[in-house]
Amino acid sequence: MKSLDISKVVENCGLEATPVLHKGILYISEYSSYFRAISADNGCEIWSYKTNGALMSSPALSDNVLYFGCLDTYVYALSIDGSLFWKIKTGGRIASGPAVNNDVVYIGSSDNYLYALDKKTGICKWKFLTGMGLPSPIVFKEHVYISSDKIYCLTMDGHKVW
């Protein structure tokens, strides 16, 4: 394993997202289009996965699967060993981070939709149209909250509460 020089990553392309730390491994989204796993102990790269666009989305981890969006319009699901679990195309670029609750991944896209994706397959369960691109959603109790042209509260099956 080679040591990853984070100063070069930041200098050459930048880190736009907050990493996830799990069992001594940092999972990092890079603007260079790479998603990497590095050792928190020594900075050595464990694996990397190349997407087709810049990464600005902070990942979410659930059941040993990492979920994140990409400016190439896809949502990715990678296992913690770096293998692709699934990827699904949305209608726009994704800079927001996902929220995972039970068996659903919620993520906003620049096509103005909030997507609810099946955690295991990536199949779209539903999508909700807002007035503009979306930041990261929040799940609390039995509702999904998103801000767009206004703040929305949705039921877990995509119906607008307010």
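Everything numeric in this text was worked out from a predicted model, so none of it was measured.

(A) Geometry of the overall build of the protein chain. Along the backbone of the protein chain there are one helix and 15 strands. The globule rule puts the C-alpha radius of gyration for 162 residues at 15 Å, and the 16 Å found for the protein chain is close to it. By the burial criterion, 49% of the 162 residues in the protein chain qualify as buried. Long-range pairs, those at least 24 residues apart, make up 31% of the contacts in the protein chain with a sequence separation of at least 6. Only carbon and sulfur atoms are counted for the fraction: they give 53% of the accessible area of the protein chain, which is about 7,900 Å². Charged side chains of the protein chain number 15 positive and 15 negative; the gap between the two group centres comes to 4 Å.

(B) A look at the environment of leucine 61. Checked against the element boundaries, leucine 61 lands in strand E5 (residues 60–62). Residues leucine 61 and histidine 22, spaced 39 residues apart in sequence, show a C-alpha to C-alpha distance of 8.5 Å. Sequence-distant contacts of leucine 61, defined by excluding residues within four places in its chain, comprise Val20, His22, Leu66 and Ile80.

(C) Spatial organisation of the pattern of salt bridges. By the definition in use, this model includes four salt bridges. Between arginine 36 and glutamate 30 there is a salt bridge, with its nearest N and O atoms 2.5 Å apart. A single burial state applies to arginine 36 and to glutamate 30, both of which are buried. Residues aspartate 103 and lysine 120 are paired through a salt bridge, measuring 4.0 Å at the closest nitrogen-oxygen approach.

(D) Representation of a nonpolar patch on the surface in the model. Taken together, the side chains of Ile151, Val161 and Trp162 define a hydrophobic patch exposed on the protein surface, amounting to about 320 Å² of accessible area. Within the fold, isoleucine 151 resides in strand E15 (residues 151–155).

(E) Up close: the sheet that holds strand E14 (residues 143–147). Pairing within the open sheet is antiparallel, and its three strands lie in the order E13-E14-E15. The sheet terminates laterally at strand E13 (138–140) and E15, the two strands that pair on one side only. Direction aside, the axes of adjacent strands within the sheet are offset by 25 degrees on average. Judged from the five bridges that link them, E14 and E15 form a sheet pairing that is antiparallel. Each residue of the ladder has a partner; that of valine 144, found in E15, is leucine 154.

Calculation notes
- Residues numbered from 1 in each chain as written.
- Predicted model: local features only at pLDDT ≥ 70, side-chain atom pairs only at ≥ 80, totals over all residues.
- Heavy atoms only, no water.
- Helix = DSSP H or I, 4+ residues; strand = E, 2+ residues; numbered from the N terminus.
- Rg over C-alpha atoms; globule rule 2.2 N^0.38 Å.
- Buried < 20%, exposed > 50% of the residue type's maximum accessible area, 1.4 Å probe, protein only.
- Contact = heavy atoms within 4.5 Å.
- Areas by Shrake-Rupley, 256 points an atom, 1.4 Å probe, with all protein chains shown as cover.
- Lys, Arg positive; Asp, Glu negative; His and termini not counted.
- Charge placed at Lys NZ, Arg CZ, Asp CG, Glu CD.
- Salt bridge = Lys/Arg side-chain N within 4 Å of Asp/Glu carboxyl O.
- Patch = residues over 30% accessible without salt bridge, like charges linked within 9 Å, V, L, I, M, F, W, Y side chains within 5 Å.
- Pairing = 2+ DSSP bridges.
- Axes fitted to C-alpha atoms, helices over the stretch in contact; angles between N-to-C directions.

Such coordinate-based values are descriptive only and should not be taken to indicate function.
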